[in-house]
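# Examination of the molecular architecture
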Amino acid sequence: FNRMFIQVCLYFYCKFLWRCLKFVVRKLTGRCELQRICYNTKPGAARTMKIEASLKGSKSKRLQTSVSVHPDAIEKTIDDIMELKKINPDINPQLGVSLQACLLQIVGYRNLVVEVEKLRREPYDSENPQHEEMLLKLWKCLKPNSPLKARISKQWCEIGFQGDDPKTDFRGMGLLGLYNLVYFAEWDTEVAQQVLSDSLQPKYREVSKKELSQFSKAEWEKKKFDKAIGYSFAIVGINITDLAYNLLVSGALKTHFYNVAPEAPTLAHFQQTFCYLMHEFHKFWVEEDPLDIMEFNRVREKFHKRILKQLQNPEMALCPHFAASESLINM
């Protein structure tokens, strides 16, 4: 109880002290916190995240709600902020421009989360012609020289689905998984086809002394030609969609999106990020050299931690120009 009481007292003391400090700094500099951030921090994630934290932490409800307004109301919101903070827009014209850019990113990110969540919650419907058309497009992009013999077919396993009908594999991520796979296969076809090809190639393993001590010769004969370089392409794509979705919802992708999207991040930005993650995971899987597919969860978790660590850098942009194709082909 004493510890809790002390923590509560410290919280209110620090909060009060922080507000007093902000008041003193404003009097000394003649600028409010929003002005200081915009004038002293370069554009990008560092500025936008500070502006977002400042608005959310404000004691004014009008400022707190400004991060969740409709995009069409942003200009009026900027006017309200300037009026509330008693800032003359004629003397500080650049402030309005900077705040507008930040709010577009903040509001855009929130709207993107809603859009992605809607796709994730929408189940694949084999009776929906648009859903079926997208699924067939995925096959055509990945296997242009191999016609699909039937809608329900073992051929789907060739691109990494688990059974005769891919619709069952979309249960976890809904249409979002299909959207991402189709985007990757259509937008960066050469890389997608190469990754798929790699996943189908058996990888010969040299026998080390350490490994010989762990397996009998018969066991090693079974494992040395294991398709360890690969994985089920489509299933991994859906799994990486889940990873990208969690990065988005947790807010971890704010660093990336605020650095690459000059205004509101869109679904295309999210899908390009997915393509980048697929490309990077493929390289990471090869570097990790797992013994078999049973190590997938371990490798995925390690990859997830690596991406999270990169996103802690406020200047990080995972794929500013998305040159995945060129780097993978030369890998």
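Residues numbered from 1 in each chain as written. Predicted model: local features only at pLDDT ≥ 70, side-chain atom pairs only at ≥ 80, totals over all residues. Heavy atoms only, no water.

### Examining the overall build of the chain
- Looking only at helices and strands, the chain features 16 helices and zero strands.
- If you take every contact in the chain between residues at least 6 apart in sequence, the share linking residues at least 24 apart comes to 67%.
- Counting only carbon and sulfur atoms, one obtains 55% of the accessible surface of the chain, whose full area is about 18500 Å². (Helix = DSSP H or I, 4+ residues; strand = E, 2+ residues; numbered from the N terminus. Contact = heavy atoms within 4.5 Å. Areas by Shrake-Rupley, 256 points an atom, 1.4 Å probe, with all protein chains shown as cover.)

### A look at the packing of helix H2 (residues 33-40) against helix H3 (residues 45-56)
- At a minimum axis distance of 10 Å, the contact between H2 and H3 shows a crossing angle of 175°. Taken together, H2 and H3 sit at an angle that is classed as roughly antiparallel. Residue-level contacts link Glu33, Leu34, Ile37 and Cys38 of H2 to Arg47, Lys50, Ile51, Ser54 and Leu55 of H3.
- Counted by class, the contact of H2 with H3 contains five nonpolar, one polar and three charged residues. (Axes fitted to C-alpha atoms, helices over the stretch in contact; angles between N-to-C directions. Parallel < 35°, antiparallel > 145°, perpendicular 65-115°, else oblique. Nonpolar A, V, L, I, M, F, W, Y, C, P; charged D, E, K, R; others polar.)

### Details of the packing of aromatic side chains
- Within this structure, the stated rule accounts for 16 aromatic pairs.
- Relative to phenylalanine 274, the ring of phenylalanine 184 has its centre 6.3 Å away and its plane inclined at 90°; by these criteria the two rings are edge-to-face. Placement of the pair is phenylalanine 184 in helix H8 (residues 174-187) and phenylalanine 274 in helix H14 (residues 267-288), with a sequence separation of 90 residues. One exposure class covers both phenylalanine 184 and phenylalanine 274, and it is buried. (Phe/Tyr/Trp six-rings, centres within 6.5 Å; stacked < 30°, edge-to-face > 60°. Buried < 20%, exposed > 50% of the residue type's maximum accessible area, 1.4 Å probe, protein only.)

### Points about the packing of helix H12 (residues 233-250) against H14
- Remark: H12 packs on H14, axes separated minimally by 9 Å, with the N-to-C direction vectors making an angle of 125°. It follows that H12 is oblique to H14 by the angle criterion. Where H12 crosses over H14, the handedness of that crossing is right-handed. Between H12, through Phe233, Val236, Gly237, Ile240, Thr241, Leu243, Ala244, Tyr245, Leu247 and Leu248, and H14, the contact on the second element is made entirely by Phe270, Phe274, Leu277, Met278 and Phe281. (Left-handed = near helix turned anticlockwise from the far one by under 90°.)

### Re the pattern of salt bridges
- Applying the stated criterion to the full structure yields 18 salt bridges.
- The salt bridge involving lysine 254 is made with glutamate 52; its shortest N-O contact spans 3.0 Å. Taken together, the residues lysine 254 in helix H13 (residues 254-260) and glutamate 52 in helix H3 connect sequence positions 202 residues apart. Across this residue pair, the class does not change: lysine 254 and glutamate 52 are buried.
- Its salt-bridge partner being arginine 151, residue aspartate 165 comes within 2.9 Å of it at the nearest N-O pair. (Salt bridge = Lys/Arg side-chain N within 4 Å of Asp/Glu carboxyl O.)

### Thoughts on the confidence of the model for the chain
- In this model, the chain carries a mean pLDDT of 84, and residues with pLDDT of at least 70 account for 80%.
- Predicted confidence for residues 224-228 stays below pLDDT 50, and this span has 18 contacts to residues more than four positions away or in other chains.
- Counted against residues more than four places away or in other chains, residues 323-331, with its pLDDT under 50, gives 16 contacts. (pLDDT = per-residue confidence, 0-100.)

### Topic: H8
- In a regular helix each residue adds 1.5 Å, so 14 residues correspond to 20 Å; H8 covers 20 Å between its end C-alpha atoms and thus fits that length.
- Taken together, the buried positions of H8 are Gly174, Leu175, Leu176, Gly177, Leu178, Asn180, Leu181, Val182, Tyr183, Phe184 and Ala185.
- Tucked inside the fold, the buried residues of H8 contact helix H6 (93-121), helix H7 (129-142), helix H9 (189-199), H12 and H14. (Expected span 1.5 Å × (residues − 1).)

### Concerning unusual backbone geometry
- Look at lysine 86: it is not a glycine, yet its phi comes out positive at around 55°.
- Mapped onto the elements, lysine 86 comes out in the loop between helix H5 (74-84) and H6.
- Phi angles above zero are rare outside glycine, and aspartate 289 is one such case at about 50°.
- In this fold, aspartate 289 is placed in the loop between H14 and helix H15 (296-311).
- Under the relative-accessibility criterion, aspartate 289 is labelled partly exposed at 35%.

### Some words on the nonpolar core
- If you look at the biggest cluster of nonpolar residues, it comprises 82 residues, and the most contacted ones within it are Ile51, Leu138, Leu178, Phe233, Phe270, Leu277 and Phe281.
- Formed jointly, this core draws a minimum of three residues from each of two domains, domain 2 (33-120) and domain 3 (126-312).
- Ignoring sequence-local partners within four residues, the contact set of phenylalanine 270 consists of Leu112, Val116, Leu176, Asn180, Ala244, Tyr245, Leu248 and Phe257. (Core = buried A, V, L, I, M, F, W, Y, C linked by side-chain atoms within 4.5 Å. Domains from an automatic or database assignment.)

### What to know about the environment of phenylalanine 170
- Mapped onto the elements of the fold, phenylalanine 170 is located in the loop between H7 and H8.
- Residue phenylalanine 170 is classed as buried on the basis of its relative accessible area of 1%.
- Here the alpha-carbon distance between phenylalanine 170 and aspartate 125, two residues 45 residues apart in the chain, equals 10.0 Å.
- Not counting residues within four places of it along the chain, the set of residues in contact with phenylalanine 170 comprises Tyr124, Leu135, Phe161, Gly177, Leu178, Leu181 and Ile238.

### Here we look at the environment of histidine 279
- As for its placement among the helices and strands, histidine 279 is situated in helix H14.
- Overall, the relative accessible area of 2% leaves histidine 279 in the buried class.
- Distance from histidine 279 to alanine 192, taken between C-alpha atoms, is 8.5 Å for residues 87 residues apart in sequence.

### Points about the state of the cysteines
- Inspection of the entire model under this criterion finds zero disulfides.
- Cysteine 319 carries a free sulfur, and the closest cysteine sulfur to it, the one in cysteine 275, is 8.4 Å from it.
- Judged by relative accessible area, cysteine 319 falls into the buried class, the value being 7%. (Disulfide = S-S within 2.5 Å.)

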